[in-house]
Every structure is written in structure tokens, then in C-alpha cells.
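Working through the structure, step by step
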Amino acid sequence: MTDDADFSSSPIRSSSGGLRIAVVIPCYNEALAIAQVVQGFRAALPGAEIHVFDNNSSDDTAAVARAAGATVTHVALRGKGNVVRRMFADVDADVYVMTDGDATYDAGAAPRLVERLVRDNLDMVVGSRVDDGQDAHTYRAGHRFGNRMLTGAVAQLFGGGLTDMLSGYRVFSRRYAKSFPALSRGFETETELTVHALELRMPYAEEATAYSTRPEGSVSKLSTYRDGWRILKTICKLFVSERPLQFFSIIGGLLVLMSVALVVPLFMTYMQTGLVPRLPTAVLATGAMLAAMLSFVCGVVMQAITLGRREAKRLSYLAIPSVREQASR
């Protein structure tokens, strides 16, 4: 891999015939940090367009970003997911560098992430966070544990080998950005971004990047328990929508086990006495078995629908040239 100095003179950074790189920054009340972010990415990626998407900030985020040289877009619908949807819809580029506006991510790593995307012809590169050691509260133990738990849950349900699913520092190809449906509203959007790549079997990679403390006076918008619960719910929803046969098979299997647990004592009593003494229990066991059969049928039908929907997304994805094709033009 080339270093940043070599990358600065590579064809993908040239102004003629090179890739169009856009840095997209979702922001909410980041007036203290946004100028530093814009300036950092301007220095790291001189030819890139810098877009700040202000999510109804109550401070001077938009004015500060505009003064720093960024293109500012106002997004009225509150929530990071709504901002990501707008970013991918409004910005036209070959490579998208997404970062937060709180100055915690290393702008100097951007050329390395972009180069990895182009060199390996990937669709997503995730900047996995490595604490810079400057402040014990930069990447708190509770956030680390929650990240590992949620990342592990996604790996178990959808596969993949990411170690930092919740990182907000990512680089995307154009075909990723323009095929991403962006259905979530808040901070759970990182989960949706990850699952989209995994479900379409897109090539992706991780690169370690330094994670720093916020500027003094800047306040985090994350709520450990509230946002963690939202992310967990999003994982469950995505499991139902993307793996319906597995989900309904689990439900059906549990209903079958319940039915068997109810029927076995009744059957033994019937064999001994010729009587069914607990008719309501027998009815419940029969209902559970019927519900299990219905659950399996629902799983099969929804799986067929999911495969059709996934195929449509895949075709939309394939209709756009890869980043390597665009770089060679």
C-alpha cells in the first residue's frame, strides 16, 4: 500500500479524468468542531468536494461550515439515517467519504481508505476505531462492550468479519451509495449500511484509524442505552426482513416443541386410561402445531419475496460501474 504522499500524486486524485471524491459530513450542533473537520479533509483530499449536511442544528454549525469552505445542505428531518439518505441522493460522486462532524476521526487517514477502495476494487471500507490514548473517556468501556456485542450479533446473523460495525468513518463506491435504500432514521444507520453490504455480497474491508477525543466544550449526541436499544431493534428487524425463512423456522420450531410438550403427557394418559382429561390442553397443542405449520409457510413465501427484492437491488447495484472502471476512464 502506498503512503499518503504517494497517493497525493496518484491518478485518482488528478483533476482531469480522475475520480470525483466527495466528503459527506452529517452534523447536528457541531459548531465547535466542524471547521476543524472541513479543514482537515480539505488538506487530506485537496481535490474533494466537502459537503456538510446540517440536521436542524440550533447553533452556528451551518455558518461555520460555510465559512470554512464547505457546501452546506439543510436537512429538516431529524436523525442521522435521514441525513445519510439525503447525502447519497443529493451528492453525485465516484467515491464518498463519510465522517462525523465532531473531529473524532482522523482526516489524515482518508487518502489511505480511498486508495484501499480503488486498489482492491471494493465497495466499502470501514475505518475501525483505535483509541489514540489521549483521553480515557474518548472510547468508553461501555461503548466498546456494546459495539462488540452488536457487531457480534450481526456477524452471527448475517456473516461478515467486521470488528467495528458502528464506525461512522467509511468510504463507499458510487454503486454502493446509489443502491443503498437508507430506510433507518437515527444512529442505527451504521447497522443498515453494514447489512446492505453483507446481503449483496459486496467486497469490503476494514482499516484501523485513530479515534480522538472531541474538542473541549463539544458534547456527544449518543445515548448509550437508548441508541443501543434502537440498534438492537434494527438488527432484529433486518433479520426478519432479510432472513425470513430462518426467522419463521425458529418460531415454528418453538411452537412444535411447545405442542410436543403438551401432547406427550396427554398421549400417555390416553394410553393408560383411554381418556383425554384435559381437553383445553389438547386444543392448545393442536393450535400450536397448526401455527407452526403456518409459520413455516409464511417463511417460505416471504423468503421468495426477499429473494426477488434482493435480486432487484443487486441489478441496480450492477448497473453502475465499479470504482476501478471509473478510475480507468
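Quick note: structure is the one above.
This text gives an overview of the structure that appears in the document. (Residues numbered from 1 in each chain as written. Predicted model: local features only at pLDDT ≥ 70, side-chain atom pairs only at ≥ 80, totals over all residues. Heavy atoms only, no water.)

With that settled, consider the overall build of the protein. Broken down by element type, the protein carries twelve helices and seven strands. For the protein, the proportion of its 329 residues judged to be buried stands at 47%. Residue pairs at least 24 apart in sequence account for 78% of intrachain contacts in the protein once pairs closer than 6 positions are excluded. In the structure as shown, the protein presents an accessible area of about 15800 Å², 61% of it carried by carbon and sulfur atoms. (Helix = DSSP H or I, 4+ residues; strand = E, 2+ residues; numbered from the N terminus. Buried < 20%, exposed > 50% of the residue type's maximum accessible area, 1.4 Å probe, protein only. Contact = heavy atoms within 4.5 Å. Areas by Shrake-Rupley, 256 points an atom, 1.4 Å probe, with all protein chains shown as cover.)

Right, let's talk about the packing of helix α10 (residues 244-273) against helix α11 (residues 279-318) for a bit. At a minimum axis separation of 8 Å, α10 and α11 run at an interaxial angle of 165°. Between α10 and α11, the crossing angle belongs to the class labelled roughly antiparallel. As α10 runs across α11, the sense of the crossing is left-handed. Along the lines of polarity and charge, the residues of the contact of α10 with α11 split into 21 nonpolar, nine polar and no charged. (Axes fitted to C-alpha atoms, helices over the stretch in contact; angles between N-to-C directions. Parallel < 35°, antiparallel > 145°, perpendicular 65-115°, else oblique. Left-handed = near helix turned anticlockwise from the far one by under 90°. Nonpolar A, V, L, I, M, F, W, Y, C, P; charged D, E, K, R; others polar.)

It is worth spelling out the packing of aromatic side chains at this point. Taken as a whole and assessed by the stated rule, the structure comprises ten aromatic pairs. An angle of 80° between the planes, with centres 5.4 Å apart, marks the rings of Phe88 and Phe172 as edge-to-face. One end of the pair, Phe88, is in helix α4 (residues 80-90); the other, Phe172, is in strand β6 (residues 170-173), and 84 residues separate them in sequence. Judged on exposure class, the residue Phe88 and its partner Phe172 are both buried. Between Tyr105 and Tyr211, the ring centres sit 5.4 Å apart and the planes meet at 55°, which makes this aromatic pair tilted. (Phe/Tyr/Trp six-rings, centres within 6.5 Å; stacked < 30°, edge-to-face > 60°.)

Ranked by internal contacts, the top residues of the largest apolar core, which has 37 residues, are Phe41, Val52 and Val97. When residues of this core are traced back to their parent elements, those giving at least two are β1 (21-27), α2 (34-44), β2 (49-54), α3 (61-67), β4 (95-98), α5 (110-119) and β7 (204-211). With near-sequence residues (within four places) excluded, Val52 lies in contact with Ile25, Cys27, Ile34, Val38, Ala65, Ala70, Thr71, Val72 and Thr73. In this structure, Val24, Val75, Val126 and Tyr317 belong to the second largest nonpolar core, which totals 25 residues. (Core = buried A, V, L, I, M, F, W, Y, C linked by side-chain atoms within 4.5 Å.)

Okay, α2 next. Listed as buried for α2 are Ile34, Val37, Val38, Phe41 and Ala44. Seen end-on, α2 carries its buried residues on one side only, within an arc spanning 135°. If you follow the buried residues of α2, they end up packed against β1, β2, α3, β4 and α5. (Arc of directions from axis to C-beta.)

Glancing now at the pattern of salt bridges. For the coordinates displayed, the defined rule picks out 17 salt bridges. Here Arg86 ties to Asp90 by a salt bridge, and the two come within 2.5 Å at their closest N and O atoms. You can see Arg86 and its partner Asp90 sitting in helix α4, four residues apart, about one turn around the helix. With relative accessibility at 42%, the residue Asp90 sits in the partly exposed group. Residue Glu207 is joined to Arg116 by a salt bridge in which the shortest nitrogen-to-oxygen separation is 2.5 Å. Placement of Glu207 in strand β7 and of Arg116 in helix α5 is noted, with a sequence separation of 91 residues between them. For Glu207, a relative accessible area of 9% puts it in the buried group. (Salt bridge = Lys/Arg side-chain N within 4 Å of Asp/Glu carboxyl O.)

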